[in-house]
Amino acid sequence: MIRFNTRKFRGASQSGTLRRPALAVVTALLCCTAMSTPAFAQAAADQATDADGNEIVVTGSLGALPIEGVGSVFGFDKTVTETPRSVSTISSEQMERFGITDIYDLVAQSPGTFTNSFFGVGGALDIRGTPGEVYFRGVRRLDNPGNYPTPIAAAERIDIVRGPASPIYGPSKTGGYMNFVPKSARVQGGSYMASPEGKISFTGGSWEKADIAAELRGPGKLGAQEFGYSLYAEVENSGSYYDNMSTKQTILQAAFDTDLTPDLRLEFGGMYQNYKGQQNGGWNRLTQDLVDNGTYITGSAQSLDTNGDGQMSVGEINTAAANNFGSLSVFLPSPTMFTDATFAAYPYLALTNVGTAKLSRRKTLTGKDDRLDNKATTLYADLIWTGPGDIEIKNQLFYDGYKNINENAYGFSQFHDSYVIEDKIVVSKTIENDAGKFAIQLSPSIRYTNFKHAEDFNYEYFHRVDLTVGYTPASDRLLSTECNCNYDTYVKGHYTDLGFAGLVDLDFKFGLDVTLGARYDTIKGVSNFQEAFMEAPKDISGAKDRDGAWSWSASANYKLPFGLIPYVTAARQSVVIAGQGAEIDPFNLAAGTWITASKLYEAGLKGSWLDDRLYAAVSVYKQKRTDYSSQSMTVNQAVETKGLEAEFRWSVDDHLLLTGGYTRTKVWNLTAIEAGSTFSFFGIEDLVNVTNPALYLGGQPIGLVPITSKSDARRAGIPTNLYSLTATYAFDNGIALAGSMVSVDSVYSGVSQAVKLPAYTKFDVSATYETGPFVFRAVVKNVTDKKYFRANFTELFGSTIVLPELPRSFQGTVSYKF
């Protein structure tokens, strides 16, 4: 066995920018080494085995070093260093030390993951500047752009894979995915634990945060049958910085693992999440002055509530518009065509009692009765048979489903009731000889998705509510989910994917490693409008189609002297254009544009040095959708992305861990370039020929943003440059300090590039003290109380709304281990 270091330790890390404040933090941590005293307990370490089967242990790393096999990329058990793709892993120890509570915090730990706001809900990461996906143990979950926050605290590890998935996993999006690895029922090496162990934690903090979690892992026996188990439960009942918002959720997770025979193993379990919260559209009536100085245009919309029930119905809106020979939404092809005279024909759009005020960041579009309720259930069962000659046959059965309802007083509502069932067989064979180690995988699979999805968006008016006052009968809309009527779209359907994939990995002893893969999918889909619940029928009642698609990948790397491994990858991956509730648009089915593909070209250089204590990687890439005719604006845009990603992770000794990252990203919407324009809600700064915005803020100007050059089609909200740096130092007396910094370029809030959000640098710090079975942790986020913003749904609403981010906040955790 090889042990690089066995001294006892506590250490951790997080991300920031290579500037003087960050260097000062690191220097301060380094200066604390003289305060060391005898250790209290063994710290988290990276563990793996080398090519000869010897155990590698690197203490002082918090599981951050990429020396453990990660099968979530190609399906082969390669380390991140050996994998010819841009990949990062974040361990549970890292997440705990740095107080990571949602996916937005992951940007400090992984390059390429800056994420725009999807109405304030952290469902899935934007990866390489475009919406990504969430996988559970290597199987794709239903789409979750903002249906509910992904519960990352329940993960043992999170893998972030940048770029489309390997063919072994089936059709996937262009940007990449986050793979959720639940807590295991076994220990390192595959054996059952010797005895039970567990932990109970309570986290409290700013704005009445209250979260209690408990976990228990250990061995069990049912009759003569031995098994391992891992149980996790979390209950949260928290307030919010923002008015009218709160979080109530329950998370339950279980994993079981047993050897049915010496050659046959069963792994099964699942996760349940019951979430009750709200979406957050942020500030309305957006101007550059509002962003820069907090100056907000006040004023009340004219009431359309003729029956006195306290809400505007679709009927009341249409009656008011008809009486005035118009509409609340005014369309002109270009924003420059709007003038003050345009709105003289629409006097009912004008605000009354107009003025200005300084707007608090607490005041956002969320109403008192808004809700986002989601129940998600994930189940899995894997049966693994290991035969003679290094052959393995694995059957993976997977279920994921959610029931979701989303209501927003300004005029948007939707629901989903969808589920997916997938069964995949993977036959693996490994051959070793004098030439090298060669592995092959063959995988037939079937995936069935059933969806029911409805949404209500035609009467969505952000600006009618004055945020300094709150909702009134003039701004609170009767939603389709409240009356079960007047939906803009209501679809039911299903699609079935029959796929067959093959992968081969040729790892030659002279240093060359080649990975090749291919897959063919035959997919049949059906989607029908439920017109009885819709405001108006569509041109078609529904559609069905059957189509096929090829995917392939080719990668190679070479082990050079001095620990360097250059690599190249080219891939083509098919993708199904599904929406926010996993639904397929009947019009896309009818046109045969519901299946498309993306291409990836990537090259990089990785390396590991100092007995695997120092890891660094850099990659450049270009990826793009091959078909521009179809896209889902919410979750799957047709884009081209070019960029560079770099990161390092250095476990300096048993005490100090440093990590850093750099991301350069440019994203262009190909559909907009092809069309020469893109549809958008126009904001105040778009209408440059209108001198008085109060003339129309009771409604919504809409139209086409002209796209005359590639730069006009840049995806807004995604910074060109982002820097991160993290550091953690653990003393031998049970105290550990951690700090992170993220520096973000200025960005435009919307596709029209009318409002610019300022650049910012954000710092987070934490302090941990462990004594005996107790752990005490304090975290301060946004230490300098930096005022910054996150762009919100930039493709449609970026010039009309923006999310003001949280000020300085505090959280504290007390844990008891047993």
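Definitions and cut-offs
- Residues numbered from 1 in each chain as written.
- Predicted model: local features only at pLDDT ≥ 70, side-chain atom pairs only at ≥ 80, totals over all residues.
- Heavy atoms only, no water.
- Helix = DSSP H or I, 4+ residues; strand = E, 2+ residues; numbered from the N terminus.
- Rg over C-alpha atoms; globule rule 2.2 N^0.38 Å.
- Buried < 20%, exposed > 50% of the residue type's maximum accessible area, 1.4 Å probe, protein only.
- Contact = heavy atoms within 4.5 Å.
- Areas by Shrake-Rupley, 256 points an atom, 1.4 Å probe, with all protein chains shown as cover.
- Salt bridge = Lys/Arg side-chain N within 4 Å of Asp/Glu carboxyl O.
- pLDDT = per-residue confidence, 0-100.
- Disulfide = S-S within 2.5 Å.
- Pairing = 2+ DSSP bridges.
- Patch = residues over 30% accessible without salt bridge, like charges linked within 9 Å, V, L, I, M, F, W, Y side chains within 5 Å.
- Lys, Arg positive; Asp, Glu negative; His and termini not counted.
- Charge placed at Lys NZ, Arg CZ, Asp CG, Glu CD.
- Axes fitted to C-alpha atoms, helices over the stretch in contact; angles between N-to-C directions.
- Core = buried A, V, L, I, M, F, W, Y, C linked by side-chain atoms within 4.5 Å.
- Polar contact = N/O pair within 3.5 Å; in protein donor to acceptor, adjacent residues only side chain to side chain.
- Phe/Tyr/Trp six-rings, centres within 6.5 Å; stacked < 30°, edge-to-face > 60°.

> Describe the overall build of the chain, listing the residues and the values that go with them.
If you tally the helices and strands in the chain, you get eight helices and 41 strands. Against the globule reference of 28 Å for 818 residues, the chain gives a C-alpha radius of gyration of 27 Å, in line with a compact fold. With the principal axes as the frame, the chain shows a C-alpha extent of 85 × 60 × 55 Å. Expressed as a percentage of the 818 residues in the chain, the buried residues total 58%. For the chain, long-range pairs separated by at least 24 residues make up 71% of all intrachain contacts whose partners lie at least 6 apart in sequence. On the chain, roughly 29900 Å² of surface is accessible, and the fraction owed to carbon and sulfur atoms is 57%.

> Describe the pattern of salt bridges, listing the residues and the values that go with them.
Applying the stated criterion to the full structure yields 34 salt bridges. In this structure, the salt-bridge partner of arginine 128 is glutamate 645, at a minimum N-O distance of 2.9 Å. A residue pair is termed long-range when its members are at least 10 positions apart, and arginine 128 in the loop between strand S5 (126-127) and strand S6 (130-131) and glutamate 645 in strand S29 (residues 639-651) qualify at 517 residues. A residue is classified by how much of its surface remains accessible, and arginine 128, at 0% relative accessible area, is buried. The salt bridge involving glutamate 645 is made with arginine 162; its shortest N-O contact spans 3.4 Å. Taken together, the residues span a long stretch of sequence, with glutamate 645 in strand S29 and arginine 162 in strand S9 (residues 155-162) at a distance of 483 residues.

> Outline the confidence of the model for the chain, supporting the account with residue identities and numerical values.
Averaged over the chain, the pLDDT score is 90; the fraction of residues at 70 or greater is 90%. Every residue in residues 1-43 is under pLDDT 50, and counting partners more than four places away or in other chains gives 144 contacts.

> Any chance you could break down the state of the cysteines for me, citing the residues and the numbers?
Enumeration according to the criterion identifies one disulfide in this entry. Each disulfide pairs two cysteine sulfurs, and for cysteine 483 the partner residue is cysteine 485, the sulfurs being separated by 2.0 Å. Across the S-S bond linking cysteine 483 and cysteine 485, the dihedral sits near -95°, which makes this disulfide left-handed. Taking relative accessible area as the criterion, cysteine 483 reaches 31% and is therefore assigned partly exposed. Judged by its relative accessible area of 25%, cysteine 485 is partly exposed.

> Run through the sheet that holds strand S7 (residues 133-136), naming residues and quoting values.
Strand order in the open sheet formed by five strands is S4-S9-S10-S7-S8, with mixed pairing between adjacent strands. Strands with a single pairing partner mark the edges of an open sheet, and in this sheet they are strand S4 (87-91) and strand S8 (139-140). Bridge count between S7 and S8: two bridges; the pairing is antiparallel. Directly across from phenylalanine 136, in S8, lies its bridge partner valine 139.

> Now, about a positive patch on the surface: what can you tell me, with residues and values included?
A cluster of like positive charges, contributed by Lys248, Lys276, Lys375 and Lys403, occupies part of the molecular surface. With respect to the element layout, lysine 403 can be found in strand S20 (residues 391-408).

> Would you mind going over the pairing of strand S16 (residues 295-300) in detail, with residue names and values included?
Each regular strand carries side chains that alternate between the two faces of the sheet. Burial analysis of S16 places five of its six residues in the buried class, which makes it a mostly covered element. Summarising the sheet, S16 and strand S18 (residues 352-358) pair through five bridges and their orientation is antiparallel. By the bridge assignment, isoleucine 297 is partnered in S18 with threonine 356.

> Pulling in residues and values, what's your account of the sheet that holds strand S31 (residues 677-681)?
Spatial ordering of the open sheet is given by S17-S32-S31, a layout of three strands whose pairing is mixed. Two strands in the sheet have a free side with no partner beyond their single neighbour: strand S17 (329-332) and S31. Direction aside, the axes of adjacent strands within the sheet are offset by 25° on average. As defined by bridge partners, S17 adjoins strand S32 (residues 700-706) across four bridges and the pair is classed as parallel. Its bridge partner lying in S32, serine 329 is registered against glutamine 700.

> Describe the nonpolar core, naming the residues involved and giving the relevant values.
Note that soluble globular proteins tend to have their nonpolar side chains buried in a common cluster. Among the nonpolar cores identified, the biggest contains 54 residues, and Leu106, Ile158 and Tyr495 are the most heavily contacted of them. The contact partners of isoleucine 158, leaving out residues within four places of it in the chain, are Ser88, Thr89, Ile90, Met95, Leu106, Ile152, Met178 and Asn179. Leu332, Phe682, Val690 and Ile707 belong to the second-largest nonpolar core, a separate cluster that totals 32 residues.

> How would you summarise unusual backbone geometry if you had to cite specific residues and measurements?
Backbone geometry places asparagine 484, a non-glycine residue, at a positive phi of 55°. Among the structural elements, asparagine 484 can be located in the loop between helix H5 (480-483) and strand S23 (489-508). Taking the relative accessible area as the measure of exposure, asparagine 484 reaches 41% and is therefore partly exposed. In this structure, phenylalanine 793 is a non-glycine residue whose phi angle is positive, near 50°. For phenylalanine 793, the location among the structural elements is in the loop between strand S39 (789-791) and helix H8 (794-797).

> Talk me through a nonpolar patch on the surface; I want residue IDs and the actual numbers.
Where nonpolar side chains cluster on the molecular surface, the patch consists of Ile200, Phe202, Ile212, Val235, Ile735, Tyr769, Phe774, Phe776, Val814, Tyr816 and Phe818 and spans about 940 Å² of accessible area. Going through the elements one at a time, strand S11 (197-205), strand S38 (774-781) and strand S41 (809-817) are the ones with two or more residues in the nonpolar patch. Since its relative accessible area comes to 37%, phenylalanine 774 is described here as partly exposed.

> Now, about the environment of valine 575: what can you tell me, with residues and values included?
Within the element layout of this structure, valine 575 appears in strand S26 (residues 564-576). For valine 575, a relative accessible area of 2% puts it in the buried group. On a C-alpha basis, the gap between valine 575 and tryptophan 594 in space is 8.5 Å, while along the polypeptide they are 19 residues apart. Setting aside anything within four residues of it in sequence, one finds valine 575 in contact with Pro171, Ser172, Lys173, Trp594, Ile595, Thr596, Ala597, Arg625 and Asn636.

> Can you explain the side chain of asparagine 280? Please cite residues and give values.
Structurally, the position occupied by asparagine 280 is in the loop between strand S15 (264-277) and helix H3 (288-293). A distance of 2.9 Å separates a polar atom in the side chain of asparagine 280 from the backbone nitrogen of glycine 282. Side-chain polar atoms of asparagine 280 contact the side chain of threonine 364, separated by 3.1 Å. Aside from chain neighbours lying at most four places away, what touches asparagine 280 is Phe119, Gly120, Tyr242, Met245, Thr364, Leu365, Thr366, Asn792 and Leu803.

> Any details on the packing of aromatic side chains? Residues and values, ideally.
Under the counting rule described, the total for this entry stands at 43 aromatic pairs. Taken together, a centroid distance of 5.5 Å and an interplanar angle of 10° make the contact between phenylalanine 136 and phenylalanine 180 stacked. Here phenylalanine 180 lies in strand S10 (residues 176-182) and phenylalanine 136 lies in strand S7, a separation of 44 residues in the sequence. Exposure class is identical for phenylalanine 136 and phenylalanine 180. Each is buried. Where phenylalanine 415 meets tyrosine 487, the ring centres are 5.9 Å apart and the plane angle is 80°; that geometry is what we call edge-to-face. Of this pair, phenylalanine 415 sits in strand S21 (residues 412-433) while tyrosine 487 sits in the loop between H5 and S23, and the two are 72 residues apart along the sequence.

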